Amino acid sequence: MASLRDLLQRYRPVGTPGAAARPGVPADRAAELATELEPVLALLASTEDEMRRLREEARAEAHRIREQAARQADELVTTAHDRASEVRAQAAANARAAAAPDGTLLVEAARENARRIRERATVMMPEYVDRAVATALSKGLVVR
């Protein structure tokens, strides 16, 4: 459907009222543009076909790449699951090996500390026993 502007353009090229002049024919700008652009647009048709072909090839390539990436990801996950228990066991062994010297040192230190406490208790025990007995006798807790 022609717009108001197109309708008015048809009558514009005609001469203005006044002295007699050659009769004018309304110009059809849309037909003129179509006639002018048809050869250029026809030349672009092959480019448009090439663009469609390239786009389809790109889609197919992207699909292929996604499928390949998905397969690789599945393989990586499967390998990781297969190796997980092996890696855990190795890590635990490494941790035990690293902690063993510290554990041995801690046990030796605890034994030495216990030995010192026993020696101190042996030295101080008679005095504490004497004090406890004296306190019990003075309070009447022990009957003679």
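Everything below is about the structure printed above this text.
Residues numbered from 1 in each chain as written. Predicted model: local features only at pLDDT ≥ 70, side-chain atom pairs only at ≥ 80, totals over all residues. Heavy atoms only, no water.

**Student:** When you look at the overall build of the protein chain in this model, what are you seeing that I'm missing?
**Tutor:** Scanning the protein chain for helices and strands turns up two helices and zero strands. Burial analysis of the protein chain (144 residues in total) assigns 1% to the buried set. (Helix = DSSP H or I, 4+ residues; strand = E, 2+ residues; numbered from the N terminus. Buried < 20%, exposed > 50% of the residue type's maximum accessible area, 1.4 Å probe, protein only.)

**Student:** Explain helix α2 (residues 29-138) to me, please; I cannot follow it from the model alone.
**Tutor:** Compared with an ideal rise of 1.5 Å per residue, which puts 110 residues at 164 Å, α2 spans 133 Å between its outermost C-alpha atoms and falls more than 12% short. Its axis deflected by about 45 degrees at Met124, α2 carries its strongest bend there, up to four residues before the proline Pro126. Within two residues after α2, Gly140 carries a phi angle of roughly 80 degrees, on the positive side. (Expected span 1.5 Å × (residues − 1). Bend = angle between axes of the 7 residues up to and from the residue.)

**Student:** Just to check I follow, could you spell out the pattern of salt bridges for this structure?
**Tutor:** A pair can form between side chains of opposite charge whenever their charged atoms are brought close. Under the criterion given, the structure shown has 10 salt bridges. A salt bridge links Glu57 to Arg53, with the shortest nitrogen-to-oxygen separation between them at 2.4 Å. Taken together, the residues Glu57 and Arg53, both in helix α2 and four residues apart, mark about one turn of the helix. Classification of Glu57 as partly exposed rests on a relative accessible area of 43%. Using a relative accessible area of 36% as the deciding quantity, one classes Arg53 as partly exposed. Where salt bridges share partners, they join Glu112, Arg115, Arg116 and Glu119 into one cluster. (Salt bridge = Lys/Arg side-chain N within 4 Å of Asp/Glu carboxyl O.)

**Student:** Looking at this model, I keep getting lost on a nonpolar patch on the surface. Mind explaining?
**Tutor:** Together, Leu33, Leu37, Val40, Leu41 and Leu44 make up an exposed nonpolar region whose accessible area comes to about 460 Å². Relative to the assigned elements, Leu44 resides in helix α2. (Patch = residues over 30% accessible without salt bridge, like charges linked within 9 Å, V, L, I, M, F, W, Y side chains within 5 Å. Areas by Shrake-Rupley, 256 points an atom, 1.4 Å probe, with all protein chains shown as cover.)

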